[in-house]
Amino acid sequence: MDRKEAPDAGARARIMDAAEKLFAGGGYDATPTARIAELAGVPKGLVFHYFPRKIDVLISLVDERTVVTDEEVEAFPGDPAGTLSRLARRIPLRASPAMRRILFREADTHRSVRERLGRLNSEIIRRARFALELALPGSRGDAARLEAAAATFAAVLIYQESLCLLTGHHIDPDAVAELIAHALGNLA
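Residues numbered from 1 in each chain as written. Predicted model: local features only at pLDDT ≥ 70, side-chain atom pairs only at ≥ 80, totals over all residues. Heavy atoms only, no water.

Brief notes about the packing of helix 8 (residues 143–161) against helix 10 (residues 173–183)
Convention followed: Geometry is summarised by axes, namely lines fitted to C-alpha atoms with helices restricted to the contacting stretch, and by angles between N-to-C directions that run from 0 to 180 degrees. To qualify as a helix, a DSSP run of H or I must reach at least 4 residues; to qualify as a strand, a run of E must reach at least 2; elements of each kind are numbered from the N terminus. Between 65 and 115 degrees an angle is taken as roughly perpendicular, under 35 as roughly parallel, over 145 as roughly antiparallel, and anywhere else as oblique. Residues are treated as being in contact if the distance between any of their heavy atoms lies within 4.5 Å. Each residue receives one of three labels: charged for Asp, Glu, Lys and Arg, nonpolar for Ala, Val, Leu, Ile, Met, Phe, Trp, Tyr, Cys and Pro, and polar for the others, Gly being one of them.
Relative to each other, helix 8 and helix 10 sit at 170°, their axes nearing to 11 Å. On the basis of the axis angle, helix 8 is roughly antiparallel to helix 10. Taking contact as the criterion, the partners of Arg 145, Ala 149, Thr 152, Phe 153, Val 156 and Gln 160 in helix 8 are, on helix 10, Pro 173, Val 176, Ala 177, Ile 180 and Ala 183. Split by residue class, the contact of helix 8 with helix 10 holds eight nonpolar, two polar and one charged.

Below you can see the structure in the form of structure tokens.
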């Protein structure tokens with residue numbers, strides 16, 4: 001392929017940007033591929049060059065634009081509330097508000113999105129459980145309670161990432177961290 005025929009280097013990113021905007025605004029099913037191409041400023045055929053099927057655009061968006069960071073879990077022995085509060089501030093999910101909207105809207109109808117959301121949730125639970133194990137030395141014997149506490153905390157963080165953006169209702173993660181720490185108090 002000579003230089004004239006080479007695809008535009010920024011075209012794929014523009015296609016992804018356009019799809020993110022359109023899927024977040026009206027939903028995946030309501031967005032025709034032609035509209036993605038139009039907003040991206042590319043021929044429709046170029047969309048299919050990068051993404052053979054429309055679902056491939058959604059899968060790529062979810063995989064590439066919802067990132068679980070590899071930040072270390074910071075824990076302080078004897079301070080489970082402070083440890084969970086720090087974790088909440090450094091939630092491992094990095095996604096734009098539009099991508100969060102796509103994740104929670106499309107999870108119901110698209111298995112790949114639901115699976116990605118499940119992996120994100122599992123990662124948050126894993127990190128919360130690990131942080132609690134570090135903050136409460138000797139508590140590993142009560143794995144079921146730590147798992148329930150971690151899952152509860154993850155549910156609050158996921159709620160903050162999804163529903164609060166839609167409803168404006170916020171739950172103070174620090175207050176939830178205190179509540180969980182109090183409930184786990186006899187483990188310390």
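Here we look at the side chain of Thr 33
Residue placement: Thr 33 occurs in helix 2 (residues 33–40). Among residues more than four places away in sequence, those in contact with Thr 33 are Lys 44, Val 47, Phe 48 and Lys 54.

Section: the UniProt feature "DNA-binding region" (unreviewed entry) in the protein
Operational definition: UniProt positions are given in the numbering used here, feature names are shortened, and annotations may be inferred rather than shown by experiment.
Per the UniProt record, the feature "DNA-binding region" (unreviewed entry) sits at residues 32–51. This span, residues 32–51, is 75% helix and 0% strand, and a straight line between its end C-alpha atoms measures 14 Å.

Some points on helix 8
For the record, the criterion: What a helix should span is 1.5 Å times the count of its residues minus one. Type-normalised accessible area, obtained with a 1.4 Å probe on protein chains alone, sets the label of each residue: buried when under 20%, exposed when over 50%, and partly exposed for intermediate values.
Given a rise of 1.5 Å per residue, 19 residues ought to cover 27 Å, and the 26 Å separating the end C-alpha atoms of helix 8 matches this to within 8%. Those residues of helix 8 that sit buried are Leu 146, Ala 149, Ala 150, Phe 153, Ala 154, Val 156, Leu 157, Ile 158, Tyr 159, Gln 160 and Glu 161.

What about empty space enclosed by the protein?
Using the following cut-off: The method works on a 1 Å grid over the protein atoms by themselves. A cavity is a set of points holding a 1.4 Å probe that cannot get out, a pocket is an open set with protein on both sides within 12 Å along at least five of seven lines, and residues with an atom within 4 Å of a point line them. Grid points are joined across faces, edges and corners, and a volume is the space filled by probe spheres set on the points.
Inspection of the entire model under this criterion finds one cavity of 30 Å³ or more. Considering only enclosed or pocket space, the largest cavity measures out at about 80 Å³ in volume. Taken together, eleven residues make up the lining of the largest cavity; nearest its centre are Glu 72, Val 73, Glu 74, Leu 87 and Arg 90. Taken together, the residues of the lining of the largest cavity sort by class into four nonpolar, one polar and six charged.

Notes on the pattern of salt bridges
Defined as follows: When a carboxyl oxygen of Asp or Glu lies within 4 Å of a side-chain nitrogen of Lys or Arg, that pair is called a salt bridge.
Throughout the structure, instances matching the rule amount to twelve salt bridges. Across the salt bridge formed by Glu 123 and Arg 126, the nearest N and O atoms sit 2.7 Å from each other. Within this pair, Glu 123 and its partner Arg 126 are both found in helix 7 (residues 111–135), separated by three residues, close to a single helical turn. Among the residues examined, Glu 123 registers a relative accessible area of 17% and is labelled buried. A relative accessible area of 38% means that Arg 126 is categorised as partly exposed. The salt bridge partner of Glu 147 is Arg 129, with a shortest N-O separation of 2.3 Å. Taken together, the residues span a long stretch of sequence, with Glu 147 in helix 8 and Arg 129 in helix 7 at a distance of 18 residues. With a relative accessible area of 25%, Arg 129 lands in the partly exposed category. The structure contains a network of salt bridges with shared partners spanning Asp 17, Glu 20 and Arg 65.

Focus on the packing of aromatic side chains
We count it as follows: Stacked, edge-to-face and tilted are the three classes for Phe, Tyr and Trp ring pairs, Trp counted by its six-membered ring, which pair at centre distances within 6.5 Å; planes under 30 degrees apart are stacked, over 60 edge-to-face, the rest tilted.
Applying the stated rule across the entire model yields two aromatic pairs. Measuring from centroid to centroid gives 5.2 Å for Phe 23 and Tyr 28, while their planes differ by 65°, and the two rings are edge-to-face. An identical accessibility class is assigned to Phe 23 and Tyr 28; each is buried. Their ring planes at 55° and their centres at 6.4 Å tell us that Tyr 50 and Phe 51 sit as a pair that is tilted. A residue is classified by how much of its surface remains accessible, and Tyr 50, at 23% relative accessible area, is partly exposed.

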